[in-house]
Amino acid sequence: MSLNNLIDSLATNGWYVWDDFVTPEQRQAIKDCIPDIALKDARIGNKASLQGNKTIRGDQTVWLEPEMGVPITQYMDKMDTIREELNRQCYMGLRDFETHFCRYPNGAFYKKHIDNFQGQGIRKVTTVIYLNEEWQSGDGGELVVYDLQDQELFRLEPLAGRMIVFMSENFPHEVLPTQKKRESIAGWFLTEKIL
Ligand code: OGA
Ligand code: MN
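Residues numbered from 1 in each chain as written. Chains lettered and ligands numbered in written order. Predicted model: local features only at pLDDT ≥ 70, side-chain atom pairs only at ≥ 80, totals over all residues. Heavy atoms only, no water.

## Overview of the overall build of the protein chain
Then comes step 1: Of regular secondary structure, the protein chain possesses 3 helices and 11 strands.
Then comes step 2: For the protein chain, the succession of helices and strands along the chain, N to C, is α-β-α-β-β-α-β-β-β-β-β-β-β-β.
Then comes step 3: For the protein chain, the C-alpha radius of gyration of 16 Å lies close to 16 Å, the compact-globule estimate for 195 residues.
Then comes step 4: Considered along the principal axes of its C-alpha atoms, the protein chain spans approximately 40 × 40 × 40 Å.
Then comes step 5: When the 195 residues of the protein chain are sorted by exposure, 50% land in the buried category.
Then comes step 6: Of the roughly 10,100 Å² of accessible surface on the protein chain, 49% is carried by carbon and sulfur atoms.
Then comes step 7: Of the charged side chains in the protein chain, 22 are positive and 29 negative, and the gap between their average positions amounts to 4 Å. (Helix = DSSP H or I, 4+ residues; strand = E, 2+ residues; numbered from the N terminus. Rg over C-alpha atoms; globule rule 2.2 N^0.38 Å. Buried < 20%, exposed > 50% of the residue type's maximum accessible area, 1.4 Å probe, protein only. Areas by Shrake-Rupley, 256 points an atom, 1.4 Å probe, with all protein chains shown as cover. Lys, Arg positive; Asp, Glu negative; His and termini not counted. Charge placed at Lys NZ, Arg CZ, Asp CG, Glu CD.)

Here it is, written out as structure tokens:
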């Protein structure tokens, strides 16, 4: 597993799974930067039609900022290296990265969705890193990834340290109901600069 494998697989398959992308120490350090009170119920829709809708997604999120701590900055720097390499080798034109921490309480799920419908947004590449130590089969919370014909491609357990990367427009996906607390960091490489 390496940056070159990621780039090859993203170019040919549109997705890649990178196990042990973050070490146990990094995972703990990142979690320690997340203040519990900052977590808010995730919203769907755009700003004008924001709705808190637990029938679609039941996670809580907080946007990550460099000010939250050195472990967050180090994670963002690592993602920036990937961004630059995707631009250099694949001309992806990625100009920014937005990322949030997610916590699914027991029983929560996220129904099938696409992070960016063709041409409708600025999200080009999705990344999700899992932070769940000692996850076991039966714990639920798998990520199910589909193709654009809605055929299931694969399902992935949210194992600690694992990162999945996929082209945001091409892969509908869902999070199956989790049987215990499930934590992850989702990120999106963007085609425009934000802020
Ligand atoms: C998302 C998402 C998947 C996961 O946040 O958009 O689809 O496995 N997350 O957490
Ligand atoms: Mn998604």
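## Notes on the site of ligand 1
Then comes step 1: Taken together, the neighbourhood of ligand 1 is formed by 13 residues, with His113, Asp115, Tyr130, His173 and Arg182 sitting nearest.
Then comes step 2: Between ligand 1 and the protein, one listed contact pairs an oxygen atom with a side-chain N or O atom of His113 at 3.1 Å.
Then comes step 3: Here ligand 1, which alone exposes 290 Å², has 98% of that area covered by the protein.
Then comes step 4: Taken together, the elements giving at least two residues each to the shell around ligand 1 come down to strand S5 (110–113), strand S6 (123–130), strand S10 (173–175) and strand S11 (182–190).
Then comes step 5: Residue contributions to the shell around ligand 1 peak at 4 residues, all from S11.
Then comes step 6: The residue makeup of the shell around ligand 1, split by class, is 8 nonpolar, 3 polar and 2 charged. (Near = heavy atom within 4 Å. Polar contact = N/O pair within 3.5 Å; in protein donor to acceptor, adjacent residues only side chain to side chain. Nonpolar A, V, L, I, M, F, W, Y, C, P; charged D, E, K, R; others polar.)

## Here's the deal with the coordination of the manganese ion (ligand 2)
Then comes step 1: On the protein side, the manganese ion (ligand 2) has His113 (NE2), Asp115 (OD) and His173 (NE2) as donor atoms, found 2.1 to 2.2 Å from it.
Then comes step 2: Every donor residue of the manganese ion (ligand 2) comes from the same chain, spaced as H-x1-D-x57-H. Residue Asp115 is found in the loop between S5 and S6, and its partner His173 is found in strand S10; the two are separated by 58 residues along the sequence. Just as Asp115 is buried, His173 falls in that class too. (Donors = N, O, S within 2.8 Å, 3.2 Å for Na, K, Ca; no water.)

## Overview of the packing of helix H2 (residues 24–32) against helix H3 (residues 70–90)
Then comes step 1: Where H2 meets H3, the closest approach of the two axes is 8 Å, and the angle between their N-to-C directions is 120°. Here H3 runs oblique to H2, going by the angle between their axes. Contacts between H2 and H3 involve Gln26, Ala29 and Ile30 from the first element and Pro71, Ile72, Tyr75 and Lys78 from the second.
Then comes step 2: A class-by-class count of the residues in the contact of H2 with H3 yields 5 nonpolar, 1 polar and 1 charged. (Axes fitted to C-alpha atoms, helices over the stretch in contact; angles between N-to-C directions. Parallel < 35°, antiparallel > 145°, perpendicular 65-115°, else oblique. Contact = heavy atoms within 4.5 Å.)

## A few points about the UniProt feature "domain: Fe2OG dioxygenase" (unreviewed entry) in the protein chain
Then comes step 1: Here, the residues flagged by UniProt with the feature "domain: Fe2OG dioxygenase" (unreviewed entry) are residues 90–191.
Then comes step 2: Each end of residues 90–191 is marked by a C-alpha atom, and these two atoms are 14 Å apart; helix forms 1% of the span and strand 46%. (UniProt positions renumbered as here; feature names shortened; annotations may be inferred.)

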